[in-house]
Amino acid sequence: MTHSNNGGASVATRPPSTNAEGVVEEVEVRGHIVDSLLLPKILDRILMLGGSFEILDCKIGSRRVDPSYARIAVHASDEAGLAEILGDLIEHGASPVHTVDARVVAADIAGAFPEDFYSTTNEQTQLRWNGHWIDVHDQEMDCGITVDPVSGHARCIPMTHVRLGMPIVIGYAGVRVLPTERPRETSLFGFMGSSVSSEKPKAVSLRGVAEAIRSTVASGKKVLLVGGPAIVHTGSAEHAARLIREGWIQTLFAGNALATHDIEQAFYGTSLGVSLDLGESTEHGHEHHLRTINRIRRLGGIARAVESGALKSGIMFEAVRKGIDVVLAGSIRDDGPLPEVITDTLVAQDRMRKAIQDVDFALMIATTLHSIATGNLLPARVKVVCVDINPATVTKLSDRGTFQTVGLVTDVEPFLRALAEELGNRT
Amino acid sequence: MVANAANGNAPSLPRILMCPPEYFGIEYEINPWMHVEVGSDPALARAQWNALHEALLGLGVAIDLIDPVQGQPDLVFTANAGLVYRDIFIVSHFRHAVRQGETPHFKSWAESKGFDVIEPPGDGNFEGAGDALFCGEALFAGYRLRSDARCLHWIGDRLGVSVLPLELVDPRFYHLDTCFCPLDQDSAIYYPGAFDDYGRAVLRERIPRLVEVNPEEAASFSCNAVVVGRTVLLNKGAPKLAASLTELGFRTIPLGFTEFIKSGGSAKCLTLRVDGEEAAGWKSGPRTSK
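Remember, predicted model here, so these are calculated numbers, not experimental data.

A. Main features of helix α14 (residues 412-425) of chain A. All names here are of chain A. For α14, which comprises 14 residues, the first-to-last C-alpha distance of 20 Å matches the rise-based estimate of 20 Å (1.5 Å per residue) to within 8%. Taken together, the buried positions of α14 are Val412, Phe415, Leu416, Leu419, Ala420 and Leu423. The buried residues of α14 occupy an angular sector of 125° when the element is viewed end-on, so they sit on one face. On its buried face, α14 is in contact with α4 (202-218), α5 (230-233), α6 (237-245), β18 (359-365), β19 (383-388) and β20 (405-409).

B. Fine view of the packing of helix α12 (residues 368-377) of chain A against helix α13 (residues 391-399) of chain A. Residues and elements named next belong to chain A. α13 packs onto α12 with a crossing angle of 20° between their chain directions and a minimal axis gap of 9 Å. Classified by the angle between their axes, α12 and α13 sit roughly parallel to one another. In this structure, the crossing between α12 and α13 has a hand that is right-handed. On α13, the residues that touch Thr368, Ser371, Ile372 and Gly375 of α12 are Thr393, Lys396 and Leu397. Grouping the constituent residues of the contact of α12 with α13 by class yields two nonpolar, four polar and one charged.

C. Looking closely at the pairing of strand β4 (residues 88-91) of chain B. Residues and elements named next belong to chain B. When strand β3 (residues 82-85) meets β4, the two strands line up antiparallel, connected through four bridges. Bridge pairing in β4 places Leu83 opposite Ile90. With three bridges joining them, β4 and strand β5 (residues 116-118) adopt parallel strand pairing. Note that in β5 the partner of Ile90 across the bridge is Ile118.

D. The arrangement of unusual backbone geometry in detail. That bond from A:Gly336 to A:Pro337 is cis: its omega, -5°, falls within 30 degrees of zero. Unusually for a residue other than glycine, B:Phe221 sits at a positive phi of about 65°. Within the element layout of this structure, B:Phe221 appears in the loop between α6 (215-219) and β12 (226-228).

E. Inspection of the sheet that holds β4(B) at higher detail. Residue and element names in this part refer to chain B. The strand order across the open sheet formed by three strands is β3-β4-β5, and the pairing between neighbours is mixed. The outermost strands of the open sheet, each flanked by one partner alone, are β3 and β5. Strand-to-strand twist of the sheet, defined as the mean angle between neighbouring strand axes without regard to direction, takes the value 20°. Along the sheet, helix α3 (residues 103-112) contacts β3, β4 and β5; its crossing angle with β4, the most-contacted strand, is approximately 175°.

F. Quick peek at the sheet that holds strand β13 (residues 231-235) of chain B. Residue and element names in this part refer to chain B. Strand order in the open sheet formed by three strands is β12-β13-β14, with mixed pairing between adjacent strands. At either margin of the open sheet sits one strand with a lone partner, and together these are β12 and β14 (251-255). This sheet shows a mean twist of 20° between the axes of neighbouring strands, independent of strand direction. Both β13 and β14 contribute to a ladder of five bridges, which runs parallel.

G. A look at α3(B). All names here are of chain B. Turning to α3, its buried residues number three or more, namely Phe106, Trp109 and Ala110. Buried residues of α3 fall within an arc of 95° about the axis and therefore sit on the same side. Opposite its buried face, α3 presents the exposed residues Pro104 and Ser112, each directed more than 90 degrees away. Considering only its buried residues, α3 is in contact with β3, β4 and β5. After α3 finishes, the residue Gly114 shows a positive phi value of roughly 90°.

Analysis parameters
Residues numbered from 1 in each chain as written. Chains lettered and ligands numbered in written order. Predicted model: local features only at pLDDT ≥ 70, side-chain atom pairs only at ≥ 80, totals over all residues. Helix = DSSP H or I, 4+ residues; strand = E, 2+ residues; numbered from the N terminus. Expected span 1.5 Å × (residues − 1). Buried ≥ 20, exposed ≤ 12 C-beta atoms within 10 Å, placed from the backbone. Arc of directions from axis to C-beta. Contact = placed C-beta atoms within 7 Å. Axes fitted to C-alpha atoms, helices over the stretch in contact; angles between N-to-C directions. Parallel < 35°, antiparallel > 145°, perpendicular 65-115°, else oblique. Left-handed = near helix turned anticlockwise from the far one by under 90°. Nonpolar A, V, L, I, M, F, W, Y, C, P; charged D, E, K, R; others polar. Pairing = 2+ DSSP bridges.

Structure follows, in structure tokens:
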């Protein structure tokens, strides 16, 4: 699975001057548009009528008799303004690229798309419906698109959710993708791109992450932490707990392991039996994680353990106390698992889909599996920072389509310590 | 084999298509010149048409005649029949319904002369030599009021020629041949007020000798002229233009077209150059594939 490959659907990009509320339509014009000054005239007309444009493609004929070609994204603040501009451009020989609505067919079986279904990316997508462009909601890669014929509401839908008769978009006609614009500001996301390196200045990167978290929280959106057990093994649980306690994390995705070892630390001071103070194995330490799971199961779950006073510290303790949204997704090698762990992967995915609705920033730390699983669900507009000692984790995440990922190759403990300090100092 | 179309080899007799004005009259209004209540004088119209016919014959032009048709008063304006390019005839698709009945007649005529007749695509509008005039290698073409820019691009593709669409911005000059007339491959007359800045810039850039016609003389339809060799037949009442043409080495024959001007047409509108206009580069250049 891939992503950012837009298949056959057309791609429009937003010029920086256009706000996200505007409307856009692509036109093309072919002919002796350079010699006849029609191309500059068309561009001038767009501006004169209050729109803006971006030339998406332009091929200039090499000989005088060769026609030239231009494909232009025309932007306007509203539908009426766009209609006026398009009406004018048609007079000058331009024609809309998309003249047909998206095609839908009824799903012929449940749990699968019709053949030729439109396969989504994580980029913002629109459908032409009754002659107008409508947004596709719940943007997610590797899904299909269903449209309610009555309300005209379109959304991404995983194949397992397809019901018999559900209208599913097929083919590329009438579907377009509006790629996320690369930030131009000199922020972390501006200058780092998605390249992975252990050579980047950590202090600068760290301030960038802190700034992104701070602005996300300030705008009322959510910060998601996706964490692996190495957070606990490396002795970073207290830093992560502090981030939750101080209100920097609103959503937590993890597996059985992170929660288990975090609670093991709270109960025994060990993680996988290793003393986090001494760094040495403790006697019968290998039993600690299983005894931890057993105790939590006996208490009726993590929340109950906090309520009863049995669990008094750590990431899970802070998460319960703060009431943040936690999704623990299980895997086949889990011990126990803890009662809160969702063992049906499809149910877990759905819980995660709900939980990411208002997430604007995702911090993925030391987990390949959960990072990729989350990356698959996130729309491309969500900023993602992946922190791992292993560059391959970050690469895998990007290669699987979460191309917006910024990778920081570093040891988890100093990173989380410094991040908690940076955010804590400036609250 | 095309009997009458230009073959690009030895110079042939100039050949022009005309339609006798039997049924000419102002029966509808589709341009600012036409006023049904004013009407035209049939006898005078016939006399003016005859004078043009005689003058052309006198210049050694072979005249083809198409039969007039009752109920098609504008069939007399044969310039709008279509566009001639070598042995290809792109037949007009008229914008206004009242003239659409002319197309089958012009099409039959072109077929009878051996032209490869092509129709513009779909519902595109194109009004023939009224809106498309070669000057040198380029086909200058008017759009917006009658012909569609997109249709003109299509013609460029179909013929493999460079088409330069020029927007016509003054409804009085609704066809390109009412405000622009190529004289030879490097010269043309034009009325600047009929074009916008882009169109004027294109004309100035592409045509080495461009003679401006003043607003008064343009309004008397003097741009709607017929060029045969080094002779220009045009409406009376354009002494300044006539003087400019003389300076360029052209002989002028002023004629009266008052009755046709009431319908928005003059000398050029009444003719279609069947062997290609004098200024068309392809007449003297090497033949290219169609």
